[in-house]
Amino acid sequence: MTRSREVLLVLLLAAAPGWAAAQTLPAGYAGSDTCKVCHEDIYNGLAKNPHHQLEADAKKGWQGRSCEACHGPGQAHTEGPSADNIRNPANLAPAAADQICLTCHLNQPTQVGRPESSHARNQIACTACHKMHSTDQPLVVRKAEATNKLCASCHLNEWAQFQRPFHHKLPESAMTCVDCHNPHGSIRPAMLQSFAANDPGCFKCHGDKRGPFTFEHAPLRFEGCQACHEPHGSANPRMLTRAEVRFVCLECHANLPVSSTMPAKVAGVVPPSFHNLNLPVFQNCTVCHQKIHGSHVDRNLLK
Amino acid sequence: VKTLLFIIGSLPLLAQQAATTSDAASPVPSTEPVLTGSVDLGYLWVTGVGGSYDTYRSIIDVHSGPKLLGADFTLADPKHRWFDSIQVRATTWGAEPAESLHVEAKKSGVYDFNADYRDFAYYNFLPSYADPLLGQGIVLDEQSFDTRRKIAALSLDIRPGHWWTPYFGWDHDSSSGTGASVFVSDSNEYPVPNTLRDSTDLYRAGVRFEKPHYHLTLEERGTVFKSDQNLYQGPGSVNSGNFSAPIFGQTLDLTSLLAAYGIGGSSAYSKALLSASPTSWLDIYGQFLYSQPHTNVNYQQANTGNFYLQSQILFYSGEQEILTAAAEQPHTTASLGAEIRPFKHVRIVENWSTDRLHDAGSAASTDTLLSPFAALPLSSLIATTLATNYSQEALDIFFDASSKLTFRGGYRFVWGDARYAFLPPAGLASSDQQQLRQNIGIGSVTYRPAQKISLTGEVEGASSSGVYFRTSLYDYQKVRAQVHYQPLPTLSVSGDFTLLNNQNPLSGTGYEYSSHQESLSLYWSPRASKIFDIQGSYSRSDLKSNIGYLEPEDLSQQVSMYRDEGHSATALIDVAWPHGKRFAPKLAAGGSMFISSGSRPTSYYQPVAKLWVPLGAHVNWFTEWRYYGYGEAFYLYEGFRTQLVTTGVRLTR
């Protein structure tokens, strides 16, 4: 803080008792107007933020002292304008910073999945994504491009996968990371969104793959779409995990006879079939087994 | 689209009128709705596609024409009469592969309304994917499609911010189009055109209760689903299929086909979410989700030609099949967890979850084979079951050694079983069952010595005694490390590293998988100069996978080897003309590239350059050039390259 601002602060604080008396602030609190004297740009940023309702809504309990809802009582900071005299969530351990947010947001739907989310487990604080009083960024970024940019700022590897030719349309800003992942956590692995109640969120857009099918393809139910697909992006057509379809299939359907008495048996290892893989027609299993996601009609997924 | 373009194009004029009113009324604050935001309108040229147009459509699929290139504006009502604000965002419209429109309207404490609409083109025609006839010079993807998928969602929250909030929603997802598929008979397959159409409607309603010490959400949902697919070949044409070799001197062919699927379904869902904080050191959370979707199917098929049934050494000239089927899938998911804070620096997170899915299906069919001499009816009744029960118990302990350093240790036990069966048993595999048992240990550390630097490392290792599939994670190790450093307010550097090793040494599997990926990004924006900023990233990935299998024809031992080493980079530099002040033109140039070697060597380049020229306080003219180049070393005929040029104006308020 510059010398002139310090002088200005002292002059303004000289008048502060009058304001405080008018606002009847609890002991130790300075009030938002006092904060605004030095932190006008931050205050103006907060005014554009939904948290500004704390300033006006008496029911919330922070009327006239919205800054101190997160930063704690500010009287000491006004008397000695040092950063050590005020609580700054950015300097706290992420879990401690989150507890400030959870003072109000604990008992909300987002909390149900939050403790199990990889964000919470890896100490990613709420403020890593949500900006409380930024003048150029809202509380929650909504534009697809901005949302993806925010996620990609940490998840560099995942964003690199979207640069591959076959990908979901995130670089084109037609989709966002949040379309598939719930950043607050989910009951599904990888914080995947769910569709309907407990189906994978993939079915929100791929409804024809949802079933239930008379003849299911078990991996879809047991391990999800990523058993065969790279959901972020791939150099392989249809975002497959392998360059040719037959190898996606053969790695499970290996034709190795497995005794049912083996202690660690695995599924799908059918006894030998006699397709000649040297013939092009058998090199892509889905030419015939076209209902690979499950069939309503045929047990061999042929139609 | 034209209507939308007109409406959005006219909004800046409306805004100007509002602003004029506001200026005239100054210094009294305006009470009229205020519009702010921007709209991009322009024209896009695709300057010819060299190489495979089908691959271009499968990956890019942009077409020339006038476009609404984007819109993002907010209409605010200072009087808060019907709304506080309405926000509208739209991405490219005008025969585009991905079009979207999003509208948010809210009035504080009264309602919160969201509408989302998207329209995606799904086009895929890649002969390398499924063309058994390529050796005969026939270029055809026998599993291709050209469809559009439309997705809409509406949601309305009543009394947001109050202690109880009812909400309602409707989601719609539909697709229609054409494609190529295959009609499979016993000894040949015939590529035929097909039509595809499906739609799902989801309705939901619920209520949220939010009190200082607990939260409860109760929700009911229902869906209606239908799907119709038709395979058709008109009479009078001869389709020789994928096998032209004669059987016992006769060639097989298809001369007419009509196969029609009529699939309908519905479901009901229940959802309950709970969180509570009974004491200052304990938070409890849980959820219960239940669904029971079911489908009913009517399938009819009539085909003529010359066919062969190998199991009965029978040639036949026609077939009629009628099938009815049904499937039901009760699915229950639940979790219960707690966060306990026994000491100031210690947190314990305990969670149990389960997922139980039981699918039951049945199909009854009558298949009549017609020959010049007789009709052979074949009837069947098949029942199927598939069930999986998955459970997980997880414990994590967090220790805040200081405000800058946090350690975490955890343990997770995963167990489950799965089984499926066909009745009556027939064919290859009629029943199977597996068990899942995994012990997983986790450790992580987060270190933030200063606001400008953070390091996170996480290690996960597992040992399994049972998994569902040969390629499932068995004995695996996962590592992830991230670093973020901001040495200057204008400069930041980030790094990301992931590693996954998975081994399944069991006899008959012998699976070895390893992958790692490293990325580095840089952002530099010297604010003092305001002349340029630079952002760039580079990523390298390496994947190796080996797993054995038996060649089906001769049962010889083979290894499926997959290799993929990829390099991708993105860069963008923004330069502003230093002496132009308010009307300084800006140039952005950069793009992305990807090259890989291994099992499917591929290159994909997307350089881009964009010029902005301000024409006035609220009008910018821009022109963008973009190049796409795609190549595959093993499938040269699928490469393409093209250039896209876009020019337009941005109108802002």
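This text goes with the structure placed above it.
I will try to describe carefully the structure that is included in this document. Source: prediction; values computed, not measured. (Residues numbered from 1 in each chain as written. Chains lettered and ligands numbered in written order. Predicted model: local features only at pLDDT ≥ 70, side-chain atom pairs only at ≥ 80, totals over all residues. Heavy atoms only, no water.)

## Section: unusual backbone geometry
1) Next: The step from A:Gly211 to A:Pro212 runs through a cis peptide bond, and the omega angle for that step is 5°.
2) Next: Here A:Pro212 lies in the loop between strand E3 (199-200) and helix H13 (218-222).
3) Next: Of note, the amide linkage connecting B:Leu423 to B:Pro424 takes the cis form, showing an omega dihedral of -5°.
4) Next: You can see B:Pro424 is positioned in the loop between strand E17 (405-423) and strand E18 (431-450).
5) Next: Even without a glycine there, the phi angle at B:His80 is positive, about 55°.
6) Next: Examined against the element boundaries, B:His80 turns out to sit in the loop between strand E2 (65-76) and strand E3 (85-90).
7) Next: Residue B:His80 is classed as partly exposed on the basis of its relative accessible area of 39%.
8) Next: Backbone geometry at B:Phe248 places phi at a positive 50°, although glycine is not the residue there.
9) Next: Looking at the element boundaries, B:Phe248 is found in the loop between strand E9 (214-233) and strand E10 (253-279).
10) Next: Among the residues examined, B:Phe248 registers a relative accessible area of 64% and is labelled exposed. (Helix = DSSP H or I, 4+ residues; strand = E, 2+ residues; numbered from the N terminus. Buried < 20%, exposed > 50% of the residue type's maximum accessible area, 1.4 Å probe, protein only.)

## Some thoughts on the state of the cysteines
Residue and element names in this part refer to chain A.
1) Next: For the structure on display, the rule yields zero disulfides over all chains.
2) Next: Looking at Cys154, it has no disulfide partner, and the nearest cysteine sulfur is the one in Cys129, 7.3 Å off.
3) Next: Among the residues examined, Cys154 registers a relative accessible area of 40% and is labelled partly exposed.
4) Next: Cys288 carries a free sulfur, and the closest cysteine sulfur to it, the one in Cys285, is 9.0 Å from it.
5) Next: You can call Cys288 buried: its relative accessible area is 11%. (Disulfide = S-S within 2.5 Å.)

## Remarks on the packing of aromatic side chains
1) Next: All chains considered together, the criterion is met by 27 aromatic pairs over all chains.
2) Next: When the centroid spacing of 6.3 Å and the interplanar angle of 50° are considered together, the rings of B:Tyr511 and B:Tyr513 count as tilted.
3) Next: On the accessibility criterion, B:Tyr511 (4% relative accessible area) is buried.
4) Next: Overall, the relative accessible area of 15% leaves B:Tyr513 in the buried class.
5) Next: Centre to centre, the rings of B:Trp612 and B:Phe622 are 5.1 Å apart; their planes meet at 40°, and the pair counts as tilted. Of this pair, B:Trp612 sits in strand E26 (residues 602-614) while B:Phe622 sits in strand E27 (residues 619-632), and the two are ten residues apart along the sequence.
6) Next: A residue is classified by how much of its surface remains accessible, and B:Trp612, at 15% relative accessible area, is buried.
7) Next: On the basis of relative accessibility, which here comes to 2%, the residue B:Phe622 falls in the buried class.
8) Next: Cluster of aromatic residues (ring-pair linked, three or more members): A:Phe166, B:Tyr53, B:Tyr56, B:Tyr604, B:Tyr630 and B:Phe640.
9) Next: Residue placement shows A:Arg65 over the ring face of A:Tyr29; its charged tip is 4.5 Å from the ring centre.
10) Next: The residue whose ring lies beneath A:Lys291 is B:Tyr261, and the NZ or CZ to ring-centre distance is 5.0 Å. (Phe/Tyr/Trp six-rings, centres within 6.5 Å; stacked < 30°, edge-to-face > 60°. Lys NZ or Arg CZ within 6 Å of the ring centre and 35° of its normal.)

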